[in-house]
Amino acid sequence: MTAAKVNRIATGPRTGVRFGDLLRLGLFGLRTRPTRVLLSALGIAIGIAAMVAVVGLGSSSRAQLTGVLDRLGTNVLAVSPGKSLTGDTIPLPATAVGQVGRVPGVLESAGTGLVVGAHVYRTDKIPTLQTKGLDVRAAFGDLPGVLRARFVSGGWLREPGPSEAATAGSFGSPSEVVLGHGAATALGIDRVTGAERVWIGGSWWSVVGILEPLTLAPDLDSSAFVPVAAATSRLGFDGAPTQISARADPERLDGVRTLLPRAANPAVEAGATVSRPSDALEAQRASEASFTGLLLGLGLVALLVGGIGVANTMVITVLERRAEIGVRRALGARRRNIRDQFLIESLLLALLGGACGVVLGAVVTVIFAVAQGWPPTVPVWAVAGGLGSTVVIGGLSGIYPASRAASVPPTSALAAA
Amino acid sequence: MNGPVLDLRQISKSYGDTRVLHSIDLTVTAGEMLAIVGPSGSGKSTMLNIMGTLDRPTSGSLSVAGHSVDHLSDDGLAELRALHIGFVFQHFHLAAGATAVENVADGLLYSGVERAERRRRAAEALERVGLSHRLTHRPPMLSGGEKQRVAIARAIVRNPSVLLADEPTGALDSASGANVLAVLRELNADGTTVVVITHDRDLAGALPRSVRMLDGHLSPAPLEPTGLPR
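Colleague: Any details on the interface of chain A and chain B? Residues and values, ideally.
Modeller: At the junction of the two partners, chain A supplies 28 residues and chain B supplies 29 residues. Secondary structure elements with two or more residues in the side of chain A that touches chain B: α1 (19–31), α10 (322–330), α11 (335–372) and α13 (410–415) of chain A. Sort the elements by how many residues they give to the side of chain A that touches chain B and α10 of chain A lands first, with four residues. Classifying every residue of the side of chain A that touches chain B by side-chain character gives 13 nonpolar, seven polar and eight charged.

Next up, the structure:
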């Protein structure tokens, strides 16, 4: 035909099909095929749940690390003995902890010295070779204070009186011991009542405290801490600290860092090395973020598969409902009414799966985070992103089937019945 | 009103090289009840599709309710169907999951009528076909005759200018068929123009006017009834 086609026969506005009616048609279409709808919604739900859970768990874990970093601070520096050119350890002088404490910008310092050859046993009946890998360290200063460590039970080694301090040169009553978390677990001691004793270097020591895990110095967890004076007199401690922790003014951290090796061991060039334990936690936090990115990509693949499932379901639905399409065209439906009906049905199908997936992902996140002791965090952007991507998926998977439905000639649609 | 509701002039239809309709002239005036009768393959279904604007003729011109169809776009045809043409199919084509009143209300879905008004008019239409006691029944709970009456209600709920019924009794037993035919007669008596397409000569003979189709030609000769009127 060469003449322009006329779109209207009546005058006045043509209202067309209302959105509410399309929504009702879409829901009705889904309701009549519940099994197929549930199965294809499940595909979307798994994809969305995977994405929400990955993001949620990553956020929960990072929130936990951030909380730990906020509590512990990132201004603790660890000083350890340096190595000579031949690879031998250069011992720190006995005065190193005090010297580090006097560096301008250092707020507080503490340290420990490994007591070579000393081990801790639950009783005097344990064979000496069964050390369980636990060692004994002499404690210089308020180590838990510097590391912001908490106690499972009890407290730190007692502050010595003036007379004791004069003779001992450090603090702590001679027969007291504090257990690191790993050491306490290995020895089977979970609280301090005053009656717990352990066997170190051929005599009994009374347990006055049990530490929680030391996040900033995890290698100290399997140690028993004793006062320096007692370690020297009863265990033959050589007096050299093997590890020093210093909390610095955050503003002057870099300056302090360059001064510390010299202060710890003034006699020897490169006689001490300095590290920042919180760097490891920061790195962990950063790596969690990149890992989340990777898993998010995998979730996206699952979502894509779900979307193809929806498209497949809709294509089959259109084939099955050719008669319905024909009847609707006979009742006066325009092509776009048919297209909109199937598009909305596809969107609803995807959205149903998406909503279930968001709930599922959030539940998984909460359960897993609580089990890990993390603060459960489901970011709003993950929920919005999950639902938003189902709308995109539903729309994309619906376009082809819907336009196919719209292009079915009414006569062939009716003939198919 | 006695103007032509359907006016077919020199309508031909071909599918590829196969010619299905040969230069058909037919006029149906308002208030008429007409049967188009013919064996299968005679082209009567193609006639129905063209009269119902579901398909376009290869040549010739058609007007429905005074509107020339030749220059209407696809959307224009849809609007014409929504406002002027009601269809009844042999196999009812009802939505199994929807109640009778919902099925009938669907007949107004594309006419821009509010939902509450659609339901009210659907209930009225069901009353006209004698199913006011079956409003909330779903098709699987209805007999074949009742289903066809629901389908008729869906077709007349818009007060179409013409009702096109394709083998309306073809899937029914004789008692139900007679019942459905009675409903169609009543509607015609109330002023609805009805065109019935059928292969059943008895049915055709029972209607006031019938034309015969054979091999794509409309027979000018009147049809001789071969059986008793129903």
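Back to the text.
Colleague: Before we move on, could you go through unusual backbone geometry and cite the residues and values that matter?
Modeller: A negative phi angle characterises most non-glycine residues, just as the trans form characterises most peptide bonds. Residue and element names in this part refer to chain B. Positive phi values are uncommon outside glycine, yet Thr53 reaches one of about 60 degrees. Position of Thr53 among the secondary structure elements: in the loop between α1 (44–51) and β4 (59–64). Located in the positive-phi region is Asn159, a residue other than glycine, with phi close to 50 degrees. Summarising the element assignment, Asn159 is placed in the loop between α5 (144–156) and β7 (162–166).

Colleague: Hey, could you go over the packing of α1 of chain A against α11 of chain A for me, with residue numbers and the actual values?
Modeller: Residue and element names in this part refer to chain A. Axis separation between α1 and α11 bottoms out at 8 Å; the angle between their running directions is 60 degrees. Every pair of crossing elements has a handedness; the one defined by α1 and α11 is right-handed. On α11, the residues touching Leu22, Leu23, Leu25, Gly26, Leu27, Gly29 and Leu30 of α1 are Asp340, Gln341, Ile344, Glu345, Leu348 and Leu349. Per-class residue counts for the contact of α1 with α11 are eight nonpolar, three polar and two charged.

Colleague: Residues and numbers for the sheet that holds strand β1 (residues 4–15) of chain B, please.
Modeller: Sheet strands associate in pairs through backbone hydrogen bonding, adopting either a parallel or an antiparallel arrangement. Residues and elements named next belong to chain B. The strand order across the open sheet formed by four strands is β2-β1-β4-β5, and the pairing between neighbours is antiparallel. In the strand order of this sheet, the two ends are held by β2 (18–29) and β5 (67–68), each with one partner. Here β1 pairs with β2 via eight bridges, running antiparallel. What sits directly across from Pro4, in β2, is Thr29. Packing of α1 onto the sheet brings it into contact with β1, β2 and β4, and relative to β1 it is tilted by some 125 degrees.

Colleague: If you had to explain the nonpolar core to someone new, which residues and values would you point to?
Modeller: The tendency in soluble globular proteins is for nonpolar side chains to be buried side by side. Formed by 118 residues in total, the largest nonpolar core has its most connected members in Val52 of chain A together with Val104, Ala153 and Val195 of chain B. Ranked by residue count, the leading element in this core is helix α2 (residues 34–72) of chain A, at 14 residues. Within the second largest apolar cluster, 58 residues are counted, among which are Val76, Val146, Ile210 and Ala231 of chain A.

Colleague: So what about the sheet that holds strand β10 (residues 217–219) of chain B? Which residues, and what values?
Modeller: All names here are of chain B. With mixed pairing, the six strands of this open sheet are ordered in space as β6-β7-β8-β3-β9-β10. Strands with a single pairing partner mark the edges of an open sheet, and in this sheet they are β6 (85–88) and β10. When the angles between neighbouring strand axes are averaged without regard to direction, this sheet yields 20 degrees. Bridge analysis of strand β9 (residues 209–214) against β10 gives three bridges, and the strand direction is antiparallel. For Met213, the partnering residue across the bridge sits in β10 and is Leu218. Against the sheet, α5 touches β6 and β7, its axis set at about 170 degrees to β6.

Colleague: Can you lay out α11 of chain A for me, pointing to particular residues and giving the numbers?
Modeller: End to end, α11 of chain A covers 55 Å across 38 residues, agreeing with the expected 56 Å (1.5 Å per residue, within 8%). Gly373 of chain A, located one to two residues past α11 of chain A, shows a positive phi value of around 75 degrees.

Criteria and cut-off values
Residues numbered from 1 in each chain as written. Chains lettered and ligands numbered in written order. Predicted model: local features only at pLDDT ≥ 70, side-chain atom pairs only at ≥ 80, totals over all residues. Contact = placed C-beta atoms within 7 Å. Helix = DSSP H or I, 4+ residues; strand = E, 2+ residues; numbered from the N terminus. Nonpolar A, V, L, I, M, F, W, Y, C, P; charged D, E, K, R; others polar. Axes fitted to C-alpha atoms, helices over the stretch in contact; angles between N-to-C directions. Left-handed = near helix turned anticlockwise from the far one by under 90°. Pairing = 2+ DSSP bridges. Core = buried A, V, L, I, M, F, W, Y, C linked by C-beta atoms within 7 Å. Buried ≥ 20, exposed ≤ 12 C-beta atoms within 10 Å, placed from the backbone. Expected span 1.5 Å × (residues − 1).

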